[in-house]
Amino acid sequence: MKLNRSFARKAMASALLAAAAMSSAQAANFDFAGQAVYNTDVVRISFSLTANSADFKTWTDSWQTGLNFDPVLQLWAKAGNDYSLIIEVDDNDKLGAGQGSLDAGIQLSSLSAGQYLLTLSAADNYAKGQTLSAGFTLDGSTPVAIADWTQSSIDPNFPNQKGGLWSVKLNSVDQAAVVPEPGSWALMGLGLLGLACLNQRRQRKA
């Protein structure tokens, strides 16, 4: 009986170590980049944490001394059918290599396991309220192409406007993906519909 108990304890310890290894192996670092077209564009990145984080970090490195627009980051926690604002940061260039003085960054010593959304907008397109459904300050305004827009930030290249490049790093999360804009979903839907019609025609001819 003593041998069995000892074996069971060892097996349990091995299982716990394996589970811990799997949990830590799931956490990964993500790099996302793209091009904003208008000053009203908001990039959305969904991510999850399966365990509490003691050192959450995310930052941009795309400002490049005014070659591109001044970015803002907002972090949201899933709350029912909406998201609740945790923090919004305009400037923080102390988190990663390649950051410029107007790049944004968020670092939290505690972030609970759960579903989150990271949004990236151009200053001064800030969150309107404490929920994502409240929108952003430039919602409803006429979109202006980034290349033609005079951003209000302090900029060594002012008034020459900048590029639309955005780049964001996300550290030690389990899964992360860019959420397509509604317009992108519509285009994807049209593309799929077109493929379905083409497939039906081929089947009829066959």
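Source: prediction; values computed, not measured.

S.K.: Give a description of the nonpolar core that names residues and reports values.
M.R.: Ranked by size, the top nonpolar core spans 28 residues in total, and within it Phe47, Phe56 and Leu170 carry the most contacts. Secondary-structure elements contributing two or more residues to this core are β1 (28–35), β2 (43–49), β4 (71–79), β6 (105–108), β7 (114–122) and β8 (165–173). Setting aside residues no more than four positions away along its own chain, Phe47 makes contact with Phe56, Leu75, Leu111, Gly114, Gln115, Tyr116, Leu117, Leu118, Leu170, Val173, Gln175 and Ala176.

S.K.: Which residues make up the pattern of salt bridges, and what values do they have?
M.R.: All chains considered together, the criterion is met by two salt bridges. Two residues, Asp61 and Lys169, come together in a salt bridge whose shortest N-O distance is 2.8 Å. Here Asp61, found in the loop between β3 (56–60) and β4, pairs with Lys169, found in strand β8; they are 108 residues apart in sequence, far enough to count as distant. We classify Asp61 as buried; its relative accessible area is 14%. Owing to a relative accessible area of 16%, Lys169 belongs among the buried residues under this scheme.

S.K.: Report on the sheet that holds β1, specifying residues and quantitative values.
M.R.: Read from one edge to the other, the open sheet built from four strands follows the order β1-β8-β3-β6, with strand pairing classed as antiparallel. Either end of the sheet is taken by a strand with one partner, and the two such strands are β1 and β6. Neighbour-to-neighbour, the strand axes of this sheet turn through a mean angle of 10°, independent of strand direction. Relative to β8, β1 runs antiparallel, the two sharing seven bridges. From the neighbouring strand, Asp31 faces β8, where its bridge partner is Lys169.

S.K.: Can you break down the side chain of Gln151 residue by residue, with the values?
M.R.: Note that Gln151 resides in the loop between β7 and β8. A polar contact is formed between the side chain of Gln151 and the backbone nitrogen of Asp70, at a distance of 2.9 Å.

Rules of the game
- Chains are numbered independently. Their residues run from 1 in the order of the written sequence.
- For a predicted model such as this one, the threshold for reporting local features is a pLDDT of at least 70, and the threshold for listing and counting side-chain atom pairs is 80 or more; totals across whole chains, interfaces and linings nevertheless cover every residue.
- Here the side-chain values reflect all heavy atoms present in the structure, with hydrogen atoms and water set aside.
- Among buried residues, the Ala, Val, Leu, Ile, Met, Phe, Trp, Tyr and Cys ones that are joined through side-chain atoms within 4.5 Å form a nonpolar core.
- Categorising residues by exposure relies on relative accessible area from a 1.4 Å probe, with only protein chains included: less than 20% of the type maximum marks a residue as buried, more than 50% marks it as exposed, and the intermediate range marks it as partly exposed.
- Think of it this way: any DSSP run of H or I at least four residues long counts as a helix, any run of E at least two long counts as a strand, and we number them from the N terminus.
- Pairs of residues are marked as contacts when any of their non-hydrogen atoms sit within 4.5 Å.
- Each reported salt bridge corresponds to a side-chain nitrogen of Lys or Arg within 4 Å of a carboxyl oxygen of Asp or Glu.
- The criterion for strand pairing is that DSSP finds at least two bridges linking the strands in question.
- Each axis is a line fitted through C-alpha atoms, taken for helices only over the stretch in contact, and angles between the N-to-C directions span 0 to 180 degrees.
- We call two N or O atoms a polar contact when they sit within 3.5 Å, provided that within protein one can donate a hydrogen and the other can accept it, with sequence-adjacent residues counted only if both atoms are side-chain atoms.

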